[in-house]
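# Examination of the molecular architecture
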Amino acid sequence: MQVGCLFQKPMEEIEVSGKHIKLRVVAFVLALIVGITAFGVGIRQIANREPGYYEITAVRDETAPLYSNGISLYCYFGGESSAIKEKLQASEALYSEALGRIYRLLDPRETYDGYVNLATLNQHPGETMALPEELFFALTDALERTEGQAYSVLNGAMRDLWQELLYLEEPEAFDPLCNEEQRARFQAVFDALTVPDAIRLQVVDAAAHTVRLEVSDALAAVLEKYEVEGPLLDLGSLREAYILQYVRDRLVAAGFLRGYLKTQRGLSLMLPETEEGKQLLSGYVDGTSQDAAYVSLNDGAACCALRAFSVGDPGYYVVDGVLRHPNLGDVGDIARQLLTVWIVSPTGDVVDAAVKAAVLFQTPDDLLRQRLKDFGAEGAWAAMIEAASPKTILADPL
C-alpha cells in the first residue's frame, strides 16, 4: 500500500521566499483586522435582539425536574434590543415560578416540601385539610364542570390502572382484552367506583378552602385487594388545561399579552393580543399518524385536541385493532372508540375545551353529534374507529 504525500520535498527542504516581506506583513495585519471586526459583528448580532417571537425556557429545577416537560411558551417582544432582553428575563422568571408552582400543586402523585398539594390530599383520605387557593379552585371547578358527565376527576383509580399498563414494554399481554385476570381487576375497580358516594370530595369550609377526601370502606377494600395504589383524585386530561390557564393568567396580569402556550398532548392557548396562531391537527390513516388539517386561533382562543394514537410519544399501543391511549378513563366499549376530537373555545376557556373533549372520549358514537351540539362548540371535529376502520362522525364546524 502506498501513501501519497502532499509535500514534494522533505520537510527540511521547504523553502520560504524572502521577497515582499513588507507586503506580506501588511496583508496579514489587514486580514487580522477584518477577522476581528467580523468576529465582533457576529458577537453583536448574537447579543442583539430583534422584534419577534421568542421561546421562553423554564429554569431548571432539581426538586421538580419534569415540571416543564411537554409545555412550551412563546412570546412576542417589540422595541429596542435592550428592552427585549429585559422582557425575556422577566418572562422567563415569571414563567418558571408560575409553572413550577401550579405543576407542584396539581401533582397527584408526588409531594413537595412547603406545599400542600393534590398528592397530599390523596395520601390522607378522611382528614380535613386547608388547600392553597389555586388547588381549591381547580378541584372544585373540575368537580362542578364534570358533574353528571361521563368523565370524572374522582376516577383516578381507573386512570392509574391504565397508566401502569400503557407504559409497559409489552402492554398487550396484560391488556383486559387479552388477559382475563386483568379484565376482572379492571371491572371490579370500575364497579366499586361507580357505587354512589364511594368517593367524594367534601368541602368543609369554602372560605377557608378546607376539604376532606372521603372514601368508602368497600372501595378501600377493593383497591387493597387489587393492589391499586395510585391517586384517587386525578385531574387527568384536565390537568394541563388548568396549568395553562393559571400560567396564562399570571402572564397577562404581568403585562405579557402577545404569544401562546401549547402542550405536546394537544392543548393550545393564545394570549389576548395575539393576532393569529394555528393548531396543527393530526389524523390516523392506515395505522400511522398524518397531518390532517389546522385550525386558526385568534385573540386569546383555546384549542384542545385529544387523540387515541401516537405521534411519536409514549403511552400508546394497539391490541386487536383497538387503540389504547392516555385519555382512557374507564373500561369502555372495546368495539367502538373515538379516534380524535378537536374542540375550539374562541373565548379562551381552555378548561371548558378540555372538559368537552374528555367527555366526548367517553361518549358512545351514536350520541356524539348530539353531544357536540349540546356543548355548543364553535368548531369541532371528531372521528370514530370501528372495526379498525376510521369513520368520520363530524368534520365541519357547527
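This structure is a prediction, so every number in the text was calculated from the model and none was measured.

Rules used in this analysis
Residues numbered from 1 in each chain as written. Predicted model: local features only at pLDDT ≥ 70, side-chain atom pairs only at ≥ 80, totals over all residues. Heavy atoms only, no water. Helix = DSSP H or I, 4+ residues; strand = E, 2+ residues; numbered from the N terminus. Buried < 20%, exposed > 50% of the residue type's maximum accessible area, 1.4 Å probe, protein only. Contact = heavy atoms within 4.5 Å. Areas by Shrake-Rupley, 256 points an atom, 1.4 Å probe, with all protein chains shown as cover. Pairing = 2+ DSSP bridges. Axes fitted to C-alpha atoms, helices over the stretch in contact; angles between N-to-C directions. Parallel < 35°, antiparallel > 145°, perpendicular 65-115°, else oblique. Left-handed = near helix turned anticlockwise from the far one by under 90°. Nonpolar A, V, L, I, M, F, W, Y, C, P; charged D, E, K, R; others polar. Phe/Tyr/Trp six-rings, centres within 6.5 Å; stacked < 30°, edge-to-face > 60°. pLDDT = per-residue confidence, 0-100. Expected span 1.5 Å × (residues − 1).

### A short note on the overall build of the protein
Helix and strand counts for the protein stand at 10 helices and 15 strands. Residues counted as buried form 45% of the 398 residues belonging to the protein. Restricting the contact set of the protein to residue pairs at least 6 apart, pairs at least 24 apart contribute 62%. A total of about 21100 Å² of accessible surface is found on the protein, and carbon and sulfur atoms cover 53% of it.

### Observations concerning the environment of S81
Here S81 shows up in helix α2 (residues 81–105). C-alpha of S81 to C-alpha of R49: the two residues are 32 residues apart in sequence and 4.6 Å apart in space.

### Focus on the pairing of strand β6 (residues 259–263)
Residue alternation in β6 divides its side chains into a buried set, G259, L261 and T263, and an unburied set, Y260 and K262. Pairing of strand β2 (residues 71–77) with β6, which is carried by 5 bridges, proceeds in the antiparallel orientation. Bridge pairing in β6 places I71 opposite T263. In this sheet, strand β7 (residues 267–270) lies alongside β6 in antiparallel orientation, the contact comprising 3 bridges. The residue of β7 that forms the bridge with K262 is S268. Counted between consecutive antiparallel strands, the loop separating β6 from β7 contains 3 residues, among which G266 sits at a positive phi close to 120 degrees.

### Points about the packing of helix α4 (residues 133–146) against helix α8 (residues 239–253)
For any two helices packed against each other, the geometry comes down to the angle between their axes and how far apart the axes lie. Where α4 contacts α8, the two axes come as close as 11 Å, and the packing angle between them is 130 degrees. By the angle between their axes, α4 is oblique relative to α8. The element α4 and its partner α8 pack so that their crossing is right-handed. Residue-level inspection shows E134, F137, A138, D141, A142 and R145 of α4 in contact with α8, the latter providing Y242, Q245 and Y246. Here the contact of α4 with α8 is built from residues that sort into 5 nonpolar, 1 polar and 3 charged.

### With respect to the sheet that holds strand β3 (residues 128–130)
Taken in spatial order, the 3 strands line up as β3-β5-β4 in an open sheet, and their pairing is antiparallel. The sheet is open, and its two edges are formed by β3 and β4 (199–205), each paired on a single side. When strand polarity is set aside, the average angle formed by the axes of neighbouring strands in this sheet is 30 degrees. Relative to strand β5 (residues 210–215), β3 is paired through 3 bridges, and the arrangement is antiparallel. If you follow A130 over to β5, its bridge partner there is T210.

### Overview of the packing of aromatic side chains
One pass over the structure, following the stated rule, counts 6 aromatic pairs. Plain terms: the ring middles of F77 and F256 are 6.2 Å apart, the flat faces sit at 70 degrees to each other, and that makes the pair edge-to-face. Residue F77 is found in strand β2, and its partner F256 is found in the loop between α8 and β6; the two are separated by 179 residues along the sequence. Pair check on accessibility: F77 and F256 agree, each one buried.

### A short note on the confidence of the model for the protein
Interpretation of the predicted coordinates at a detailed level should be avoided for regions scoring low in pLDDT. Per-residue confidence for the protein gives a mean pLDDT of 81; residues scoring 70 or more make up 78%. Taken as a whole, residues 1–19 scores under 50 in pLDDT and shows 4 contacts with residues more than four places along the chain or in a different chain. Here residues 384–398 is modelled with pLDDT under 50, and outside its nearest four sequence neighbours on either side it reaches 46 contacts, counting other chains as well.

### Some thoughts on α8
For α8, built from 15 residues, the straight-helix expectation of 21 Å at 1.5 Å per residue is met to within 8% by its first-to-last C-alpha distance of 21 Å. By the criterion of burial, α8 is predominantly enclosed, with 11 of the 15 residues buried. Residues of α8 that are buried in the fold lie against β2, α2, α4, β6, β7 and α9 (350–360). Downstream of α8 by one or two residues, G255 has phi in the positive range, about 95 degrees.

### Section: the pairing of strand β9 (residues 288–297)
As judged from the 9 bridges shared by strand β8 (residues 277–285) and β9, these two strands associate in the antiparallel manner. What sits directly across from V285, in β9, is T288. Taken together, β8 and the strand that follows it, β9, pair antiparallel across an intervening segment of 2 residues, in which D286 is found at a positive phi of about 50 degrees.

### Considerations on the packing of helix α5 (residues 156–166) against helix α6 (residues 180–193)
At a minimum axis distance of 9 Å, the contact between α5 and α6 shows a crossing angle of 160 degrees. By the angle between their axes, α5 is roughly antiparallel relative to α6. On α6, the residues touching A157, M158, L161, W162, E164 and L165 of α5 are R185, F186, V189, F190 and L193. Each residue belonging to the contact of α5 with α6 can be placed in one class, and the counts come to 9 nonpolar, no polar and 2 charged.

### Structural notes on the environment of L105
Tracing the backbone through its elements, the reader meets L105 in helix α2. Residue classification places L105 among the buried residues on the basis of a relative accessible area of 0%. Put simply, L105 and E134 are 29 residues apart on the chain and 7.8 Å apart in space, counted from C-alpha to C-alpha. Residue contacts for L105: discarding those within four places in its chain leaves Y115, V116, N117, L118, P132, E134 and L135.

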